Amino acid sequence: MNQAPKFMAEMIGTFSLIFFGAGAILQQNATQAVGITGIAVAHGLAILVCIYAFGHISGAHFNPCVTFGMAVTRRLSWGDAVTYWIAQLAGASFAAWLLSLAYPSGAADVHLGAPALGASMSPMLGMVFEAVLAFMLVIVIFGSAVDPRAPKGFAGLAIGLTLTANILVGGSLTGASFNPARAFGPALMAGYWQDHWIYWVGPMMGGAVAALLYDRFFLSRA
């Protein structure tokens, strides 16, 4: 029973990220009125508001690589991590399913917002780029939300702005997912699995490195 609120918080938060983020991509495809800046802001705002809504309940991960970073630094048990991952994937899938109903041609046009590599990106380079984006996200999460020395009340803003900046720089290169759940939900509903592995391997690696670096270097020397 103690896990039920956390499960629901992670599911709703991840649902919101995909609903607003991938929804902005579909809206751009339909109207050409949103642009990369609007897409980035939609993702950032979704994370920002959900962190303030659910951070005190589940920690507001909404991303399997964030959960992985918390688990490898022993801030979350592996059993709880699995529960979080199930909630995140379920929320992402439900959001993508709902978007598929609202945008019937979205699966064919833009794969319901599933990330894809740009023409200049090889799979290996894409994996590295996704790892770097996840690294930046997780290092900011640890610095603003985990570190007890961080100013109080600003974590949601810092993390939301990091998400926005990551998408602005990486949207045309890899789709700037840096979140396996963000990639999985739309891919599942659109049946689009091209290079899908990089959106798991890259973020998980980058998130783990960032978490271990902050935990073992910045926090241990505090």
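We now turn to the structure provided with this report. (Residues numbered from 1 in each chain as written. Predicted model: local features only at pLDDT ≥ 70, side-chain atom pairs only at ≥ 80, totals over all residues. Heavy atoms only, no water.)

A look at the layout of surface pockets
So, point 1. The volume enclosed by the largest pocket comes to roughly 410 Å³.
So, point 2. Along the walls of the largest pocket sit 28 residues, with G55, G59, M70, A145 and V146 positioned nearest its centre.
So, point 3. Of all elements in the fold, only α2 (35-58), α3 (64-72), α6 (123-146) and α7 (155-170) reach the threshold of two or more residues within the lining of the largest pocket.
So, point 4. With 5 residues, the single largest contributor to the lining of the largest pocket is α2.
So, point 5. In terms of residue class, the lining of the largest pocket is made up of 17 nonpolar, 7 polar and 4 charged.
So, point 6. As a volume, the second largest pocket reaches approximately 300 Å³.
So, point 7. Residue lining of the second largest pocket: 15 residues in total, with I25, I36, I39, G171 and G175 positioned closest to the centre. (1 Å grid on protein atoms, 1.4 Å probe; cavity = no way out; pocket = protein on both sides within 12 Å on 5 of 7 lines; lining within 4 Å. Points joined across faces, edges and corners; volume = space filled by probe spheres on them. Helix = DSSP H or I, 4+ residues; strand = E, 2+ residues; numbered from the N terminus. Nonpolar A, V, L, I, M, F, W, Y, C, P; charged D, E, K, R; others polar.)

Looking at the packing of aromatic side chains
So, point 1. Within this structure, the stated rule accounts for 11 aromatic pairs.
So, point 2. On the basis of an interplanar angle of 20° and a centroid distance of 5.7 Å, the ring pair of F94 and W97 is categorised as stacked. Of this pair, F94 and W97 both sit in helix α4 (residues 78-102), 3 residues apart, which is roughly one turn of the helix.
So, point 3. You can call F94 partly exposed: its relative accessible area is 44%. (Phe/Tyr/Trp six-rings, centres within 6.5 Å; stacked < 30°, edge-to-face > 60°. Buried < 20%, exposed > 50% of the residue type's maximum accessible area, 1.4 Å probe, protein only.)

Brief notes about helix α8 (residues 180-190)
So, point 1. Within α8, 8 of the 11 residues are buried, leaving the element largely enclosed by the surrounding structure.
So, point 2. What α8 keeps buried is the set P180, A181, R182, A183, F184, G185, P186 and A187.
So, point 3. Looking at the packing, one finds that the buried side of α8 touches α1 (3-31), α2, α3, α4 and α9 (198-219).
So, point 4. The N-cap of α8, judged by a side-chain oxygen 2.9 Å from the amide nitrogen of A181 a few residues on, is N179.
So, point 5. One or two steps after α8, the chain reaches G191, where phi turns positive at roughly 65°. (Contact = heavy atoms within 4.5 Å. Polar contact = N/O pair within 3.5 Å; in protein donor to acceptor, adjacent residues only side chain to side chain.)

Points about α2
So, point 1. Here α2 contains 24 residues, and its C-alpha end-to-end distance of 32 Å stays within 8% of the 34 Å for a straight helix at 1.5 Å per residue.
So, point 2. The largest bend in α2 amounts to roughly 50° and is located at Y52.
So, point 3. All of the buried residues along α2 are I39, A40, A42, H43, G44, A46, I47, L48, C50, I51, F54 and S58.
So, point 4. Looking at the residues trailing α2, positive phi occurs at G59, about 95°. (Expected span 1.5 Å × (residues − 1). Bend = angle between axes of the 7 residues up to and from the residue.)

Things to note about empty space enclosed by the protein
A probe as big as a water molecule, rolled over the atoms, marks out the empty space that is left.
So, point 1. Inspection of the entire model under this criterion finds 2 cavities of 30 Å³ or more.
So, point 2. Reported here for the largest cavity is a volume of approximately 80 Å³.
So, point 3. Along the walls of the largest cavity sit 13 residues, with I47, H61, L137, I159 and L163 positioned nearest its centre.
So, point 4. Elements that contribute at least two residues to the lining of the largest cavity include exactly α2, α6 and α7.
So, point 5. Of the residues contributing to the lining of the largest cavity, the split by class is 10 nonpolar, 3 polar and no charged.

So, the pattern of salt bridges
So, point 1. Applying the stated criterion across every chain yields a total of 3 salt bridges.
So, point 2. Its salt-bridge partner being R75, residue D215 comes within 2.8 Å of it at the nearest N-O pair. Taken together, the residues D215 in helix α9 and R75 in the loop between α3 and α4 connect sequence positions 140 residues apart.
So, point 3. Take D215: its relative accessible area is 16%, and that puts it in the buried class.
So, point 4. Its salt-bridge partner being D147, residue R149 comes within 2.5 Å of it at the nearest N-O pair.
So, point 5. A relative accessible area of 51% means that R149 is categorised as exposed.
So, point 6. For D147, a relative accessible area of 4% puts it in the buried group. (Salt bridge = Lys/Arg side-chain N within 4 Å of Asp/Glu carboxyl O.)

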